[in-house]
Amino acid sequence: MIPLPAQHGFQITQKLSLQHALSVPVQLRPAQLLREPLCRECARHGVRTRATVVDHIRPFRGNWPLFIDPANHQSLCKYHHDQKTAREQAEERRKNGGK
């Protein structure tokens, strides 16, 4: 598991820890796409499509451990990722009274 920036003694607001935090997605993406090279949603429908996006199954909303947790990652094609994101955003707007 990739260490949290706080485990290195950095404050999240410091430039160095921000650089570390930003480098983590760069490390996670190729590992996930190697683990699961095909779009999970396409595969559910019997279609083999190369995945290009690493998606968070559950939105992380600032939760660092959830952000880096490989169990919360899935590989999707851009089409399915965009569909899922649009659904989540619409649900969030409904939940917040259309705001």
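Quantities reported herein were computed from a predicted structural model and do not represent experimental measurements. (Residues numbered from 1 in each chain as written. Predicted model: local features only at pLDDT ≥ 70, side-chain atom pairs only at ≥ 80, totals over all residues. Heavy atoms only, no water.)

Visitor: Before we move on, can you summarise the environment of Cys42 with the specific residues and values?
Guide: Mapping Cys42 onto the fold places it in helix H2 (residues 40-44). On the basis of relative accessible area, Cys42 is assigned to the buried category, the value being 8%. Sequence spacing of Cys42 and Tyr79 is 37 residues, and the spatial spacing of their C-alpha atoms is 9.8 Å. If we skip the residues at most four places from it in the chain, Cys42 touches Val47, Thr49, Cys77 and His80. (Helix = DSSP H or I, 4+ residues; strand = E, 2+ residues; numbered from the N terminus. Buried < 20%, exposed > 50% of the residue type's maximum accessible area, 1.4 Å probe, protein only. Contact = heavy atoms within 4.5 Å.)

Visitor: Would you mind going over the layout of surface pockets in detail, with residue names and values included?
Guide: Of the pockets and cavities examined, the largest pocket occupies roughly 210 Å³. What lines the largest pocket is simply Asp55, His56, Pro59, Phe60, Arg61, His81, Lys84, Thr85, Glu88, Gln89 and Glu92. Elements represented by at least two residues in the lining of the largest pocket include exactly strand E1 (53-56) and helix H4 (78-95). Take the lining of the largest pocket: its biggest share by element is six residues, from H4. Of the residues contributing to the lining of the largest pocket, the split by class is two nonpolar, four polar and five charged. (1 Å grid on protein atoms, 1.4 Å probe; cavity = no way out; pocket = protein on both sides within 12 Å on 5 of 7 lines; lining within 4 Å. Points joined across faces, edges and corners; volume = space filled by probe spheres on them. Nonpolar A, V, L, I, M, F, W, Y, C, P; charged D, E, K, R; others polar.)

Visitor: I'd love a proper account of the pattern of salt bridges, names of residues and values included.
Guide: This model, assessed by the stated rule, comprises seven salt bridges. Where Glu36 meets Arg40, a salt bridge forms, and the shortest distance between an N and an O atom there is 2.8 Å. A salt bridge links Glu88 to Lys84, with the shortest nitrogen-to-oxygen separation between them at 2.6 Å. One end of the pair, Glu88, and the other, Lys84, are both in helix H4, four residues apart, so they sit about a helical turn from each other. Each of Asp55, Lys84 and Glu88 takes part in a single network of salt bridges with overlapping partners. (Salt bridge = Lys/Arg side-chain N within 4 Å of Asp/Glu carboxyl O.)

Visitor: Pulling in residues and values, what's your account of the pairing of strand E2 (residues 73-76)?
Guide: Every second residue of E2 is oriented toward a common face, with His73 and Ser75 on one face and Gln74 and Leu76 on the other, all of them buried. In this sheet, E2 lies alongside E1 in antiparallel orientation, the contact comprising four bridges. Residue pairing across strands places His56 opposite His73, the latter belonging to E2. (Pairing = 2+ DSSP bridges.)

Visitor: Lay out the side chain of His73 with the relevant residues and their values.
Guide: Along the chain, His73 turns up in strand E2. Reaching out from His73, the side chain makes a polar contact with the backbone oxygen of Phe67 at a distance of 2.9 Å. Setting aside its immediate chain neighbours within four residues, His73 contacts Leu28, Gln32, Arg40, Val54, Asp55, His56, Ile57, Phe67 and Ile68. (Polar contact = N/O pair within 3.5 Å; in protein donor to acceptor, adjacent residues only side chain to side chain.)

Visitor: Go over unusual backbone geometry with me, naming the residues and quoting the values.
Guide: Although it is not a glycine, Arg61 adopts a positive phi angle of roughly 40°. Looking at where Arg61 falls in the secondary structure, it is placed in the loop between E1 and helix H3 (64-68). What makes Arg61 exposed here is its relative accessible area of 59%.

Structural measurements only, silent on function.
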